[in-house]
Amino acid sequence: MLLGQVLGGVGLVLVLSTPLTFMFAGFGWLFFAKLMLGAAFIAYYLISNRGRAKNTLGNRSTALWLITATTTLLFIFALFAVNFIAFKNQKEFDMTRDGLYTLADQTVKTLKGLNETVTVYAFYRSDEPQFRAAKETLDRYASFTEKLKVEFVDPVSKPELAEKYQIRENGSRVVFTSKMYEGRPKDLSEQELTNALIKSTSSALKKIYFLKGHGELDIDDESRKGAKAAAELLRNEGYTVETFELSGGAAAGQTIDLGAANAAHTQVKIPDDAQVVIILAPKTPLADPEVQALSAWIEKGGKVFAAAHAGRVTGVEKLAALWHLEVRGDLIVDPSSQLKGLSPAVVLAHSYEQHPITQDFRVPVAMPFTRSLSVKDALPGAIAGATAKLIAQSGKDSWGETEFANGQARFDDGKDQKGPLGIIGVSTKKPQAADKLSDEGRLVVSGSAEFIDASSFALAGNADFFVNSINYLAEEEGKISIRPKQRGATRIALTETQGEVIKFFSLDLLPVAILAIGVAVRGVRRRK
């Protein structure tokens, strides 16, 4: 019966296409209606064409067709089941060589360590170009913790919420909020987002003070020799950055000898709200009372980052010596830097010791005009109980040049120190004073301040290392500096023989094989 045959074919198509219906509508009424209608059509075919169906089912070709159809159905349902499971348990796999879509370990640690719920408001319309990038990134963050709630807000449909958070078209449009604090990333980079997350769960901003008054690097100077970029980066990290001078007057009622020039009566004071003091290569050496005041402040639990400069006395040498770190009067020369397109007066950090500053740090720091450091336990006047160590060293091909005033360098055995040489050291001590500032005084000494100025700050891992150092000093090790991930070119280096083999297979053997198969098939058909 013709109608039965037609309905049977339609019913078979309806039944076989039900997995597709499920993908769009799930186990809803559409799915079951289509399945039942298809089954009814097939049943009508079998009833109206009993004889034909019996003969058809008895054929060998029909049996083979049924086996093929069953296998196909099983494969389709297996594929469907795998996709269903994958849909319900979504996982991402970053196949890019540079891990462009993988969050840094420190970011994941921050997310998993959240102790309170943080809500992220992303003020983007769904039709905006930035919406997709924002959603993919924030969803990736939320996948690691249930304490991060992401909510996309249309600023047009919810103007009151946009006004509450003062959202502007050209400003930050993502806000991390907790019960008491909030953080706003400048953009959608991982560094900005993660540090905004940290700010949203942190207390009042800590103050970082740059010492001035001795010709130090200027944090307001935008030139190549200024440190404005370093100061701005610290502000982006959530710190308050200011400057101060280590100068003071006499105490009330104190008599001053007008003929004295040794500053014996001068009071030197560090700001009470200072969390970290940064000293960048003073051109005028720090006076002894200033060095003593800084050392006493560290001994009470203060934190100082001090950077020297090759070729001049800065006063950092005296401060470092009190804390068991010797700053030698040399210039580290590193010929291997020329392989990187740098001057041999720029030393590259080749190895790091285990320390919170260097944890998971794998990129070199490029430090121009660097003096070498060493740990000395018997320096005059050294602080008892202080523990010093070197955390970064130059390469084995470097040396400490002691005669470099004429711009020339030559290793003189017995006079110059052969590498590896210390370039950054750390010294710490547990305070004993009752009015201690923290549980540990910390001093980080760098052989170079130039790695922080604008001409070198963007080189290698300079910015990250500086920020990591300040985060360590400020006891904010949770804060991180994440270098932007860039898509690198993947290249395959082939020998001449390998290239010839690939050309033979692609341009010779493969086309000939296809042509040979075609000729063989045509020959077989003609014989039939």
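Residues numbered from 1 in each chain as written. Predicted model: local features only at pLDDT ≥ 70, side-chain atom pairs only at ≥ 80, totals over all residues. Heavy atoms only, no water.

Taken in spatial order, the four strands line up as β2-β1-β3-β4 in an open sheet, and their pairing is mixed. Across the chains shown, the open sheet's two edge strands, defined by having one partner strand only, are β2 (148-152) and β4 (182-183). Of the pairings in the sheet, the one linking strand β1 (residues 118-122) to strand β3 (residues 174-177) comprises four bridges and is antiparallel in character. Opposite Tyr 121, over in β3, you have Val 175 as the bridge partner. The sheet strands contacting helix α7 (residues 129-142) are β1, β2 and β3, and the helix crosses β2 at an angle near 165°. On the sheet, helix α9 (residues 190-200) packs against β1, β2, β3 and β4 and is oriented at approximately 35° with respect to β3. (Pairing = 2+ DSSP bridges. Helix = DSSP H or I, 4+ residues; strand = E, 2+ residues; numbered from the N terminus. Contact = heavy atoms within 4.5 Å. Axes fitted to C-alpha atoms, helices over the stretch in contact; angles between N-to-C directions.)

A word on the side chain of Thr 177. Following the sequence through the fold, Thr 177 ends up in strand β3. On the accessibility criterion, Thr 177 (10% relative accessible area) is buried. If near-sequence neighbours (up to four positions away) are discounted, Thr 177 is found in contact with Thr 117, Val 118, Thr 119, Tyr 121, Tyr 165, Glu 182 and Ser 200. (Buried < 20%, exposed > 50% of the residue type's maximum accessible area, 1.4 Å probe, protein only.)

Residues Phe 210, Leu 234, Ile 278, Leu 280, Phe 305, Phe 466 and Ile 470 are the most contacted members of the largest nonpolar core, which totals 43 residues. For this core, the secondary structure elements donating two or more residues are β5 (207-212), α10 (228-236), β7 (274-280), β8 (303-307), β15 (387-393), β18 (422-429) and α13 (462-473). Looking at this core, the element that brings in the most residues is α13, giving seven residues. Those residues within four positions of Ile 470 in sequence are excluded, and the remaining contacts are Ile 208, Leu 234, Tyr 239, Val 276, Ile 278 and Phe 305. If you look at the next biggest cluster of nonpolar residues, it comprises 31 residues, including Ile 298, Val 327, Ile 383 and Ala 386. (Core = buried A, V, L, I, M, F, W, Y, C linked by side-chain atoms within 4.5 Å.)

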